[in-house]
Amino acid sequence: MISAQPPLRLRAPSATFRHAEDKLEVEVVLVNEEERPLFVTIGIRQILYDAASHTLNLWLTDHARSAETPHGRCGTISVPRTQVIEAGARHPLHLDVPRRLTRLVPHADKSFHFEDLDLSQAQQINVHVGCSEKPFYYNPKGPAVLDQLKAWCAVVDISARAGKPPKEEKPPPRKK
């Protein structure tokens, strides 16, 4: 059995998001508090939205996926995009998410339907970042790739509340 890594000291001292015209802009600052480089996932792997609580979950790891559930079925799984953060360094992470998404919802009988997701009402965003001491290398002789991806990294959870749009700066008055 593969076990996940122990918790690593990756911190996010600031995380915000704001509603832009056609997207949600998420800004997270990651800080590596380890004495060695860390590899963090930087691309969105799964988006889950709970309309009742207005909570958006952005998974930059594959930990939310399951091979058994209809939402986790897929023919292929790609290697996650990663970024090296040196010991003691800070790394800004910028994610853009469209305000409207269409999701394919599969059913057990192999049929499916489309579901519209309106993310413009999101008030809370949870970002789940994968973090590891080493880069991911797929082992073709090992367990299923999804199991390898889950065992490769620990998950760091970061929450952000909706921020106010930045104030537009007024140009200085003209001198006469």
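Residues numbered from 1 in each chain as written. Predicted model: local features only at pLDDT ≥ 70, side-chain atom pairs only at ≥ 80, totals over all residues. Heavy atoms only, no water.

It is worth spelling out the nonpolar core at this point. For soluble globular proteins, nonpolar side chains are generally found buried alongside one another. Within the largest apolar cluster, 29 residues are counted, with the highest numbers of intra-cluster contacts made by Leu-10, Leu-30, Leu-58, Val-127 and Val-129. For this core, the elements supplying multiple residues, two or more each, are strand E1 (10-19), strand E2 (23-32), strand E3 (38-41), strand E5 (55-59), strand E7 (90-98), strand E10 (124-132) and strand E11 (154-161). Leu-30 has contacts with Leu-10, Arg-11, Ala-12, Val-40, Ile-85, Ala-89, Arg-90, His-91, Leu-93, Val-129 and Ile-158, leaving out every residue within four places of it along the chain. (Core = buried A, V, L, I, M, F, W, Y, C linked by side-chain atoms within 4.5 Å. Buried < 20%, exposed > 50% of the residue type's maximum accessible area, 1.4 Å probe, protein only. Helix = DSSP H or I, 4+ residues; strand = E, 2+ residues; numbered from the N terminus. Contact = heavy atoms within 4.5 Å.)

What follows covers the pattern of salt bridges. In this structure the tally under the stated criterion is eleven salt bridges. Residues Asp-62 and Arg-45 are paired through a salt bridge, measuring 3.0 Å at the closest nitrogen-oxygen approach. One end of the pair, Asp-62, is in the loop between E5 and strand E6 (82-85); the other, Arg-45, is in the loop between E3 and strand E4 (46-50), with 17 residues separating them in the sequence. The salt bridge partner of Arg-100 is Asp-118, with a shortest N-O separation of 3.6 Å. Note that Arg-100 is positioned in strand E8 (residues 100-106) and Asp-118 in strand E9 (residues 112-118), a separation of 18 residues in sequence. Note on Asp-118: relative accessible area 31%, which makes it partly exposed. (Salt bridge = Lys/Arg side-chain N within 4 Å of Asp/Glu carboxyl O.)

Further remarks concern the pairing of E4. Strand direction decides the pairing type here: E4 and E5, joined by five bridges, are antiparallel. When the bridges of E5 are listed, Leu-48 appears paired with Asn-57. (Pairing = 2+ DSSP bridges.)

Within this structure, the stated rule accounts for two aromatic pairs. Each ring, one from Phe-112 and one from Phe-114, has its centre 5.7 Å from the other, and the planes form 85°; the classification is edge-to-face. The class for Phe-112 is partly exposed, based on a relative accessible area of 49%. Consider the rings of Phe-136 and Trp-152, whose centres lie 5.8 Å apart with planes at 75°: the pair is edge-to-face. Taken together, the positions of Phe-136 in the loop between E10 and helix H1 (145-152) and Trp-152 in helix H1 put the pair 16 residues apart, joining distant regions of the chain. When sorted by exposure, Phe-136 lands in the same class as Trp-152, which is buried. (Phe/Tyr/Trp six-rings, centres within 6.5 Å; stacked < 30°, edge-to-face > 60°.)

This brings us to the sheet that holds E7. The three strands are arranged E1-E2-E7 in an open sheet whose pairing can be described as antiparallel. Strand pairing shows two members of the sheet lacking a second neighbour, E1 and E7, which therefore form its edges. On average, each strand axis in the sheet is tilted by 15° relative to the strand beside it, whichever way the strands run. The sheet contact formed by E1 and E2 spans eight bridges and is antiparallel. Following the sheet pairing, Arg-18 is matched in E2 by Glu-25. (Axes fitted to C-alpha atoms, helices over the stretch in contact; angles between N-to-C directions.)

Residue placement: Leu-101 occurs in strand E8. Sequence spacing of Leu-101 and Ile-47 is 54 residues, and the spatial spacing of their C-alpha atoms is 9.6 Å. Residue contacts for Leu-101: discarding those within four places in its chain leaves Ile-47, Glu-115, Asp-116, Leu-117 and Leu-119.

With that settled, consider unusual backbone geometry. Positive phi, close to 60°, is recorded for His-54, a residue that is not glycine. On the secondary structure map, His-54 appears in the loop between E4 and E5. With a phi angle near 70°, Lys-110 is a residue other than glycine that sits in the positive phi range. Topologically, Lys-110 is positioned in the loop between E8 and E9.

This next bit is on H1. Restricting attention to buried positions, one finds in H1 the residues Leu-146, Gln-148, Leu-149, Ala-151 and Trp-152. Elements that come into contact with the buried residues of H1 comprise E3, E6, E10 and E11.

These results come straight from atomic positions and should not be treated as a statement about function.
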